[in-house]
Amino acid sequence: MKLKQFKPKKALYVYGSLVLLLVLTLGVTFATFTDTLDFGGAMFSVANSEVKLLDAIGGGIDPSNLVDSKPGPQFDNVAGGWFADYPVEIYSNATTDVNLWSWANYEDVAVNDPAELRQYIYVEILDWTDANGDGMPEQSEFGSSYGRKTILKWNTEGIDLGTLSPGEVRSLALRFSVDSLSNAKQGESLLYDFEFEALGL
């Protein structure tokens, strides 16, 4: 004879119903005491590390004087003992401090530097204060040096120019020079770009 177990099942069903009813009742009770606070329209703006060149040295940071590129200098009659200074002014339009670097950039050296002049021509980057306002670097206006490297090393290693703060204008003088050149280099030429790069900190 099989025993029928209706009563335990029924009891469990009733108990389960009571618990569910109690939970629903508590939920309604709690709902009457809730409140919500929110911050509407939250916006996140990503920092930028934009830098610009001053087109006219000493011309200020009016947008009409800020450019991304300029024609590079052209130097003729380069020989042993030669040097020339070239002024550069860089403006930080970044929202945070940036680390400023400079690099030489060249391609197709078989065409643009067949005599490997990149191993003989040096660049030294110096802080510069245009004390007399003439826009031309003079020895007495130079400050700290960021080092002297061949154009080859400028390309492969770069030159670290330190930190540039938002709104700062950095005035620099690039001194190009040659210690010595053999007669075999006469009539040769080198074509390359140089660049400045801002890295966000």
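So, how was this worked out
Each residue is numbered by its place in its chain's sequence as written, counting from 1. Note on the predicted model: pLDDT of at least 70 is required for a residue's local features to be given, and 80 or more for side-chain atom pairs to be given and counted; whole-chain, interface and lining totals, by contrast, use all residues. Only heavy atoms go into the side-chain values, all of them from the structure, while hydrogens and water stay out. Strands here are runs of E lasting at least two residues and helices are runs of H or I lasting at least four, both read from the DSSP assignment and numbered beginning at the N terminus. Partly exposed residues are those whose accessible area sits between 20% and 50% of the maximum for their type, while under 20% is buried and over 50% is exposed, using a 1.4 Å probe and protein chains only. Accessible areas in this description were obtained via Shrake-Rupley with a 1.4 Å probe; residue shielding takes into account the shown protein chains only. What counts as a ring pair is set by centres within 6.5 Å for rings of Phe, Tyr and Trp (its six-membered ring), and what kind of pair is set by the plane angle: stacked under 30 degrees, edge-to-face over 60, tilted for all other angles. What makes two strands pair is DSSP finding at least two bridges between them. Throughout, a residue-residue contact means that at least one pair of heavy atoms, one from each residue, lies within 4.5 Å. Throughout this description, a polar contact denotes any pair of N or O atoms lying within 3.5 Å of each other; where both atoms belong to protein, one of them has to be capable of donating a hydrogen while the other can accept it, and for residues adjacent in sequence the pair is counted only when both atoms sit in side chains. Interaxial angle, 0 to 180 degrees, is taken between N-to-C directions of lines fitted to C-alpha atoms, where a helix line uses only the stretch in contact.

S.K.: Looking at this structure, how should I read the overall build of the protein?
M.R.: From N to C terminus, the protein includes 3 helices and 9 strands. Reading the protein from its N terminus to its C terminus gives the helix and strand order α-β-β-β-β-α-β-β-α-β-β-β. Here the protein, with 201 residues, has 29% of them falling under the buried criterion. Summed over its atoms, the accessible surface of the protein is roughly 13,600 Å², and 56% of this surface lies on carbon and sulfur atoms.

S.K.: I'm lost on the packing of aromatic side chains in this one. Help?
M.R.: In this description, a pair of aromatic rings is defined by centroid distance and the angle of the planes. For the coordinates displayed, the defined rule picks out 10 aromatic pairs. Relative to W82, the ring of F75 has its centre 5.4 Å away and its plane inclined at 65°; by these criteria the two rings are edge-to-face. For F75, a relative accessible area of 30% puts it in the partly exposed group. Relative accessible area serves as the criterion here: at 16%, W82 is assigned to the buried category.

S.K.: Looking at this model, I keep getting lost on unusual backbone geometry. Mind explaining?
M.R.: Most peptide bonds take the trans configuration, and most residues that are not glycine carry a negative phi. With a phi close to 50°, D108 is a non-glycine residue in the positive phi region. The phi dihedral of E116 is positive, around 55°, even though this residue is not glycine. If you trace the backbone, E116 turns up in the loop between α2 (109-112) and β5 (121-128). Since its relative accessible area comes to 36%, E116 is described here as partly exposed.

S.K.: I would appreciate a short explanation of the sheet that holds strand β3 (residues 83-92) in the present structure.
M.R.: Strand pairs in the sheet, formed through backbone hydrogen bonds, run parallel or antiparallel to each other. On the basis of which strands lie adjacent, the open sheet formed by 6 strands has the order β2-β1-β3-β8-β5-β6 and antiparallel pairing. Sheet topology places β2 (66-67) and β6 (142-150) at the edges, where each strand pairs with a single neighbour. Summarising the sheet, β3 and strand β8 (residues 169-178) pair through 9 bridges and their orientation is antiparallel. Note on β8: the bridge partner recorded for A84 is F176.

S.K.: Is there a simple way to explain the environment of D127 in this structure?
M.R.: Along the chain, D127 turns up in strand β5. Between the C-alpha atoms of D127 and S171, which are 44 residues apart in sequence, the distance is 6.3 Å. Contact partners of D127, with chain neighbours within four places excluded, come to E141, F142, G143, S144, Y146, R170, S171 and L172.

S.K.: Explain the side chain of S102 here, please?
M.R.: Within the fold, S102 resides in strand β4 (residues 98-105). In this structure the side chain of S102 is engaged in a polar contact, spanning 3.2 Å, whose partner is the side chain of W154. In this structure the side chain of S102 is engaged in a polar contact, spanning 3.1 Å, whose partner is the backbone oxygen of E195. Excluding residues that lie within four positions of it along the chain, S102 makes contacts with I125, W154, G158, I159, L161, E195 and F196.

S.K.: What is the right way to look at the sheet that holds β4 in this model?
M.R.: Across the sheet, 3 strands lie side by side as β7-β4-β9; this open sheet has antiparallel pairing. Strands with a single pairing partner mark the edges of an open sheet, and in this sheet they are β7 (159-164) and β9 (193-200). When strand polarity is set aside, the average angle formed by the axes of neighbouring strands in this sheet is 25°. Of the strand pairs in this sheet, β4 and β7 are connected by 4 bridges, and their pairing is antiparallel. Looking at β7, one finds that S102 is bridged to I159.

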